[in-house]
Every structure is written in C-alpha cells, then in structure tokens.
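Read off the chains here:
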Amino acid sequence: MGSYYRRGSYPFCPIMLTAAAAILAMIPLISSVFWGPMAVAIAGGLFVATILTLLVLPSMYAAWYKVQPEAKTSDTHLE
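> Would you mind going over a nonpolar patch on the surface in detail, with residue names and values included?
Residues Phe47, Val48, Ile51, Leu52, Leu55, Val56 and Met60 make up a contiguous nonpolar surface patch of about 640 Å² in total accessible area. With respect to the helices and strands, Val48 occurs in helix H4 (residues 36–64). Given a relative accessible area of 45%, Val48 falls into the partly exposed group.

> Lay out the packing of helix H2 (residues 12–25) against H4 with the relevant residues and their values.
Between H2 and H4, the shortest axis-to-axis distance is 9 Å and the interhelical angle comes to 170°. Regarding the angle of H2 to H4, the classification is roughly antiparallel. Contact with H2, carried on its side by Phe12, Ile15, Met16, Ala19, Ala22 and Ile23, involves Ala43, Leu46, Phe47, Thr50, Thr53 and Leu54 of H4 and no other residues of that element.

The rules behind the values
- Residues numbered from 1 in each chain as written.
- Predicted model: local features only at pLDDT ≥ 70, side-chain atom pairs only at ≥ 80, totals over all residues.
- Heavy atoms only, no water.
- Patch = residues over 30% accessible without salt bridge, like charges linked within 9 Å, V, L, I, M, F, W, Y side chains within 5 Å.
- Areas by Shrake-Rupley, 256 points an atom, 1.4 Å probe, with all protein chains shown as cover.
- Salt bridge = Lys/Arg side-chain N within 4 Å of Asp/Glu carboxyl O.
- Helix = DSSP H or I, 4+ residues; strand = E, 2+ residues; numbered from the N terminus.
- Buried < 20%, exposed > 50% of the residue type's maximum accessible area, 1.4 Å probe, protein only.
- Axes fitted to C-alpha atoms, helices over the stretch in contact; angles between N-to-C directions.
- Parallel < 35°, antiparallel > 145°, perpendicular 65-115°, else oblique.
- Contact = heavy atoms within 4.5 Å.

What follows is the structure, given as structure tokens:
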C-alpha cells in the first residue's frame, strides 16, 4: 500500500492543468448575457470536481480500504 502514498502527487499536475485550462476558457463567456450563467456553472462545477478528485476521493479510498503507510525499514546491510 506504500505505492498509494508515493503515487499521490503524480496525477496532480495533469489534473490541475486540464481543469485550469477549461475554467479559464469560460472567462470570456461570463460577460455574455446568454452564455454567462452556463459559463459560471461549468467553471464552478469543474472547480468542485477538481477538488473532489484531488482531495476527497483519495481520502475516501484510504479510509475505506484502511490504507496504512509502509513501516520504514533500516537499510543496514553487512558488506
């Protein structure tokens, strides 16, 4: 289960870059009377989904499967 903890930061960058690009793409539409509410809803939904994906989902996984960090072993080798 130690790989779960080591891999925790791996998906951060691609998820954040994709979410940021999509959220920032909605900014020009916000000033429109017709498309503005839709752009706000999409940007807000992407923001909440990103937070859920990066923080809540891994925490729920760790709690559900009772993930424990690996015990640190001493690397004492007799040569």
